[in-house]
Amino acid sequence: MTTKAGTTVPTPAPGPVSGPGRAHRPAPWVRTRLRAMPLAALLTAALAFVTVFLAAAFPRVADRSADTALQEFTRSLGTGVTNLEFTAETGRADSGADLDAIQRKLGERIGRDLPLGSSAQAYGTRVKTGRQMFNPGYTRLSERATPALGLYYLHGLADRATLTAGTWPGPAPADGPLPIVLSQQAAEAVNIKVGDVIESGTDGPVALRSTVVGLYRVNDPQDPFWEGLGCPARACLGLKGDDAWYWTSGFVDGGSLTALARWGSSGQNFWRLPVDPDALHADQLDRTRATLASYMAGPGMTALIDSTLRADLHATSLMPDVLARAADRYQAAGPLGAIGPAGVAGVAVVVLCLAAALSTDRRTAEIRLLQARGGSRGGVLLRLLAEGAVTVLPPAVLGTALALVLLPTSRWGNSVVLALAVTLFAILAFPARAALLWARPRAAGGWRRVIGELAVLAVTAAAVAEVRRRGVGHPGSSVDPLLVAAPLLLAVSGGLLLARIEPVVVGWLAALAGRGRGLVGFLGLVRAARDNSGRRRPSALPLLALLIAVTATGFGATVLTAVDQSRTRAARITTGGDVSVSVPVYATLPEAFTRAAGELPGVRAATGAWIEERATFIGGDRGTTDAILVVVEPDAYAEISRTAGVGQYDPAGLAAAPGGKDSPVPALFSRDLAERLATGAPQVRTPGGSQMATTVAGIVTATPALPDPGKPFVVVPAGPATEHLPELKRATKVNKWFAVGDVDPVRVRALLIESGIGGGANLGKHAKLVDEEAKAAGKTSGGLPPGYAVHSSRDKIAELAADPVQHAAGRLFWYSGLAAAGFALLAVLLTLLRAAPDRTAVLARLRTMGLRPRQGLALIVAESLPQTLAAAVGGGLVALAAVALLGGAFDLSALVGATVADTLAPAVMPVLLPTVGLTLVVCLGVVVETLVAGRRQIATELRAGERQ
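Model, not experiment: these values are computed from the prediction.

About the cut-offs
Residues numbered from 1 in each chain as written. Predicted model: local features only at pLDDT ≥ 70, side-chain atom pairs only at ≥ 80, totals over all residues. Heavy atoms only, no water. Helix = DSSP H or I, 4+ residues; strand = E, 2+ residues; numbered from the N terminus. Contact = heavy atoms within 4.5 Å. Areas by Shrake-Rupley, 256 points an atom, 1.4 Å probe, with all protein chains shown as cover. Core = buried A, V, L, I, M, F, W, Y, C linked by side-chain atoms within 4.5 Å. Buried < 20%, exposed > 50% of the residue type's maximum accessible area, 1.4 Å probe, protein only. Polar contact = N/O pair within 3.5 Å; in protein donor to acceptor, adjacent residues only side chain to side chain. Phe/Tyr/Trp six-rings, centres within 6.5 Å; stacked < 30°, edge-to-face > 60°. Disulfide = S-S within 2.5 Å. Pairing = 2+ DSSP bridges. Axes fitted to C-alpha atoms, helices over the stretch in contact; angles between N-to-C directions. Parallel < 35°, antiparallel > 145°, perpendicular 65-115°, else oblique. Left-handed = near helix turned anticlockwise from the far one by under 90°. Nonpolar A, V, L, I, M, F, W, Y, C, P; charged D, E, K, R; others polar. Expected span 1.5 Å × (residues − 1). Salt bridge = Lys/Arg side-chain N within 4 Å of Asp/Glu carboxyl O. Patch = residues over 30% accessible without salt bridge, like charges linked within 9 Å, V, L, I, M, F, W, Y side chains within 5 Å. pLDDT = per-residue confidence, 0-100.

Undergrad: Please clarify how the overall build of the chain should be interpreted in this entry.
TA: Along the backbone of the chain there are 29 helices and 21 strands. Across the chain, contacts joining residues at least 24 apart in sequence account for 81% of those joining residues at least 6 apart. Looking at the chain as shown, the accessible area adds up to about 44900 Å², and 59% of this sits on carbon and sulfur atoms.

The following block contains the structure:
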């Protein structure tokens, strides 16, 4: 090319044309954005991971807790309850091999549908009628009673017992005694020797004889294998009136079934298949119950009869009733346990919305720029959606997988569905919030917000009305989302109402602070009353998150406190106070014990009582009614009644009226006798023939001595009653003792033993034998003889608190409270981050005007504190309101572990403690965030200069 001056400008030689594959491509949007803001992407991923993990973990925690509760509840009842037992009459051709084959068929068929345990499986044959042993020289405990023997064939006997003498039995001969083996302990007690021929009388012309060919020792007497097999390990004691005798079990060979049936009039084959409690699952209760019903009387039983060719096959089991009880408990506790996770879900949703709002505020200028340069709404939103998917999906998948691995259960559908829902919400929250930037601006104070808030209030009112109508936690009920969400809806409604009130109140406080000399408080309150744009309507999301967390935590704490109080009350009612002592019907308590027990440390009130269950109430119309007479010391018994919360009365009402022996005795009457008291002066007659006139001192529904009386009762003071009833003049006429206070039941038990109970006369003719029998069976009560017992409300509370069902629901409440508190703190931090640019600029400007760092911290606290305090106070009030509105509909029996009539009632302390704790945590988080990030941000702002 030539210029005007004639000079030539060199032109570069044309190079090869680059193909389309080598053309310049812009950097991918997602990668660019993630590299530009790595910290924001990392925090978003962490939030998604935590939220999705909790969403996937809560259903699995609930499932695991319910499964554990069901398994512990079923296991605690013993293998005798979980057995599925089949029986059939013993046939002439039956042998041990036939029983083996049927056992295999039953196990294979039923094992397909039910989880079966192997340790307690047993099968064999038993005789329906035990026989006496008439041999002279055998131990007789009574002249009219002889030792008795029941015979069995039991498969696998040699595997669980050790032969100590003789041999194992063989098949019975065609004509001769039936070979058997006995427990060595039983043989020693009855005086049986190896080789003895036991004479058991005759059955028509046939002599019933058995010969002892061996003795054995049971390897483990507590093995559930031995349950339901008579008395295989020792000689048990039989009692009937004044007669006592030993009885035990003997075992024959599998080839002796026909002879065994003749020996016991008839034989019964049995096959015991225990259901494995450790394999039961709460979500499969209905299916398990249906399967059991089928095998007991349905298609399953028909199939078993066809496969075993036993037309008389019959099934019995207590398992259906056990599973029905477990299902009722599980369904009753389900709604109570789901309320806490519902509150966590509400706070988590608010936190995700706050995170989306924070991202939108930070990137508003960027999105506006893209819009101004021709970017379409769909294109920008798709890019934001892809950015969110890349940031959220990997941690969401990791959180879901971690929850599935760390919390293994048989059911995973709910966890995956909830995790997927949270993941989608986390991905869509930011694009949906950004889409509002294209929306046409609306005037402040529009009707849309009012209509939405009124809709929330209407749904809340409907939910509360439905809860009050139907109730929550009743046996047979199920988890209704509307009922479970009622406390959450109340919290949301309270948050919306507080969001309307809080800016106005804070604005008033700012106006008052502006009249003072200080500037920090005024600026903080002014900023708290406005959002970042300066309008007098800050975002309701932070306030809503805090209020939901406080409400959920306070409501849960109220429930748990009410459960503890109801459990204590139920334990005291059952015990009759804090400690009580009961004796057998034929015994009385020594006077030395009642006197010394009343002086034990911690005893606040104590009284001995005489309870006569065979008294007669005579009304004014001379009609008689069987009643229970309770004779007590009035003052001490009044304190016991007040502490136990049952049958309370004024002790002055039981004070004896002046007069002689003929004066009527004041008495408390049960409510079912109230109608008959108006017909005239009532009287009470004892079985000994003594009669006592009474006057009405009060009407009660129950009394500590008889928390569940079952029939009418009369309570009279001991002093006047002794004057009228000669049989009470004996000093030892006390058969029950009650006390309240911090009493150690161990000391009461030791004192009872020291007082000489069980000396023989008070325990009856066979006291020593009964005591030995109880010790051999492991049924003694702390060294006390049979029939004597020391009851303690402390022990009863521990027993009720060990209920796995209420433990599971209680754990969910605590987990939910901690999770809600964590999300609430995160909501506050997100709010601080959202306002950080504006706040940093303000602080930087004030710093140039002489604002000290300590004053800057005070300004931030003053800005954040009003909303935190408003949420705390509002959440506490909403929690109290929720308890007041919903408390009457909650049945706490499933959490208490016993049937109670108590309902939730508003209480300040259960709400105050978690509210104050959560408020302190949030305030501490604000201070820490300010100290860590505030100075660095202000310094950066000062170096950059004024940019707004």
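So much for the structure itself; the text now carries on.
Undergrad: Can you walk me through the nonpolar core in this structure?
TA: By size, the foremost hydrophobic cluster in this structure holds 86 residues, and its most contacted members are Ile548, Phe555 and Leu904. The biggest single contributor to this core is helix α18 (residues 541-575), with 14 residues. Counting residues in hydrophobic clusters, the runner-up holds 52 residues, among them Leu149, Tyr153, Leu178 and Trp271.

Undergrad: Help me understand the environment of Thr139 in this model?
TA: The topology assignment puts Thr139 in the loop between β3 (131-132) and β4 (148-154). Residues Thr139 and Tyr246, 107 residues apart in the sequence, show an inter-C-alpha distance of 8.0 Å. Not counting residues up to four positions away in its chain, the partners in contact with Thr139 are Pro147, Ala189, Val190, Asn191 and Tyr246. A polar contact of 2.8 Å, which involves the side chain of Thr139, links it to the backbone oxygen of Ala189.

Undergrad: When you look at the packing of aromatic side chains in this model, what are you seeing that I'm missing?
TA: Two measures describe an aromatic ring pair: the distance that separates the ring centres and the angle between the ring planes. Within this structure, the stated rule accounts for nine aromatic pairs. Aromatic pair Phe49 and Phe53: ring centres 6.3 Å apart, planes at 15°, arrangement stacked. You can see Phe49 and its partner Phe53 sitting in helix α2 (residues 38-76), four residues apart, about one turn around the helix. Of the residues examined, Phe53 reaches a relative accessible area of 21% and is grouped as partly exposed. Plain terms: the ring middles of Phe617 and Phe669 are 5.9 Å apart, the flat faces sit at 75° to each other, and that makes the pair edge-to-face. Highlighted residues: Phe617 in strand β14 (residues 603-618) and Phe669 in strand β16 (residues 665-670), separated in sequence by 52 residues. Each member of the pair, Phe617 together with Phe669, is buried.

Undergrad: Any chance you could explain the state of the cysteines here in plain terms?
TA: Defined simply, a disulfide is a covalent bond joining two cysteines at their sulfur atoms. One pass over the structure, following the stated rule, counts one disulfide. With a sulfur-sulfur separation of 1.9 Å, Cys231 is cross-linked through a disulfide to Cys236. Torsion about the S-S bond of the Cys231 and Cys236 cystine: about 85°, corresponding to right-handed handedness. No difference in accessibility class separates Cys231 from Cys236, as the two residues are buried.

Undergrad: Sorry, what's going on with the pairing of strand β2 (residues 122-127) here?
TA: One face of the sheet, then the other: side chains in a regular strand alternate in exactly this way. Most of β2 sits out of view: six of its six residues are buried. Along β2, one buried face is formed by Ala122, Gly124 and Arg126 and the opposite face, lined by Tyr123, Thr125 and Val127, is buried too. Here β2 pairs with strand β11 (residues 267-274) via six bridges, running antiparallel. Residue pairing across strands places Thr125 opposite Asn269, the latter belonging to β11. Inspection of the sheet shows β2 paired to β4 by three bridges, in the antiparallel sense. Across the sheet, Arg126 pairs through a bridge with Tyr152, a residue of β4.

Undergrad: Can you walk me through the packing of α18 against helix α24 (residues 793-801) in this structure?
TA: Between two packed helices, the angle of one axis relative to the other and the distance separating the axes together describe the packing. Where α18 contacts α24, the axes come no closer than 8 Å and their chain directions differ by 130°. With respect to their mutual orientation, α18 and α24 come out oblique. Seen along the crossing, α18 lies across α24 with a hand that is right-handed. Between α18 and α24, the residues in contact are Arg567, Thr568, Ala570, Ala571, Arg572, Thr574 and Thr575 and Ser793, Lys796, Ile797, Leu800 and Ala801, respectively. Tallied by class, residues from the contact of α18 with α24 come to five nonpolar, four polar and three charged.

Undergrad: Can you walk me through the pairing of strand β7 (residues 197-203) in this structure?
TA: The pairing of β7 with strand β8 (residues 206-218) spans five bridges and is classified as antiparallel. Looking at β8, one finds that Thr202 is bridged to Ala207.

Undergrad: Honestly, α18 in this entry has me stumped. Any pointers?
TA: Residue pairs three or four apart in sequence face the same way in an α-helix, which turns once every 3.6 residues. With 35 residues, α18 ought to run about 51 Å at 1.5 Å a step, and its terminal C-alpha atoms sit 51 Å apart, in line with that. Taking burial as the measure, the 35 residues of α18 include 25 buried ones, the bulk of the element. Looking one or two residues past α18, Gly576 carries a phi angle of roughly 90°, positive in sign.

Undergrad: Hey, could you run me through unusual backbone geometry in this one?
TA: Note: most peptide bonds trans; most residues except glycine with negative phi. Despite not being glycine, Asn191 has its phi angle at roughly 75°, a positive value. Within the secondary structure, Asn191 sits in the loop between α6 (184-190) and β7. Residues other than glycine seldom take positive phi values, yet Leu309 does so here, at roughly 60°. Relative to the elements of secondary structure, Leu309 occurs in the loop between α9 (299-308) and β12 (314-316).

Undergrad: Would you explain the packing of helix α16 (residues 486-514) against α18 in this entry?
TA: Between α16 and α18, whose axes approach to 9 Å, the crossing angle comes to 140°. In terms of axis orientation, α16 runs oblique to α18. Considering the relative orientation of α16 and α18, their crossing is right-handed. In contact with Pro487, Leu488, Ala491, Val492, Gly494, Gly495, Leu496, Leu498, Ala499 and Glu502 of α16, α18 contributes Leu543, Leu544, Leu547, Ile548, Thr551 and Phe555. Grouping the constituent residues of the contact of α16 with α18 by class yields twelve nonpolar, three polar and one charged.

Undergrad: Can you walk me through the pattern of salt bridges in this structure?
TA: Side-chain pairs of opposite charge can arise where the charged atoms are in close proximity. Throughout the structure, instances matching the rule amount to 16 salt bridges. Note that Arg126 and Glu85 form a salt bridge whose closest N and O atoms lie 2.6 Å from each other. Separated by 41 residues along the polypeptide, Arg126 in strand β2 and Glu85 in strand β1 (residues 83-89) bring together distant segments of the chain. With a closest N to O distance of 3.7 Å, Glu799 and Lys796 form a salt bridge.

Undergrad: Any chance you could explain a nonpolar patch on the surface here in plain terms?
TA: Together, Leu497, Ile501, Val504, Val505, Trp508, Leu509 and Leu512 make up a nonpolar patch on the protein surface, roughly 670 Å² of accessible area in all. For Leu497, the position within the fold is in helix α16.

Undergrad: What am I meant to see in the confidence of the model for the chain here?
TA: Low-pLDDT portions of the prediction should not be read for the details of their coordinates. When pLDDT is averaged across the chain, the result is 81; 86% of the residues are at 70 or more. The model gives residues 15-21 a pLDDT under 50, and that stretch makes zero contacts with residues more than four places away or in other chains. A low-confidence stretch, residues 759-763 stays under pLDDT 50, and its non-local contacts, those more than four residues away or across chains, total ten contacts.

Undergrad: Explain the environment of Asn735 to me, please; I cannot follow it from the model alone.
TA: Its place among the elements puts Asn735 in the loop between α21 (718-724) and β20 (736-741). Note on Asn735: relative accessible area 14%, which makes it buried. For the pair Asn735 and Leu589, spaced 146 residues apart in sequence, the C-alpha to C-alpha distance is 5.5 Å. In this structure, Asn735 is in contact with Val581, Ser582, Val583, Ala587, Leu589, Ala609, Trp610 and Ile611, ignoring residues within four places of it in sequence. Here the side chain of Asn735 touches Ile611 through a polar contact of 3.0 Å, landing on its backbone nitrogen.

Undergrad: In this structure, what is going on with the side chain of Thr553? I would like to understand it.
TA: In this fold, Thr553 is placed in helix α18. Take Thr553: its relative accessible area is 18%, and that puts it in the buried class. At 2.7 Å, the side chain of Thr553 forms a polar contact with the backbone oxygen of Ala549. Contact partners of Thr553, with chain neighbours within four places excluded, come to Gly817, Ala820 and Pro914.

Undergrad: Just checking my understanding: could you explain the side chain of Glu612 for this structure?
TA: Tracing the chain through its elements places Glu612 in strand β14. Residue classification places Glu612 among the buried residues on the basis of a relative accessible area of 10%. A distance of 3.0 Å separates a polar side-chain atom of Glu612 from the backbone nitrogen of Arg614. Sequence-distant contacts of Glu612, defined by excluding residues within four places in its chain, comprise Ala627, Ile628, Leu629 and Pro687.

Undergrad: Is there a simple way to think about the environment of Ser266 in this case?
TA: You can see Ser266 is positioned in the loop between α7 (257-263) and β11. What makes Ser266 partly exposed here is its relative accessible area of 24%. Dropping the residues within four chain positions of it, Ser266 is found in contact with Arg126, Val127, Lys128 and Ala261.

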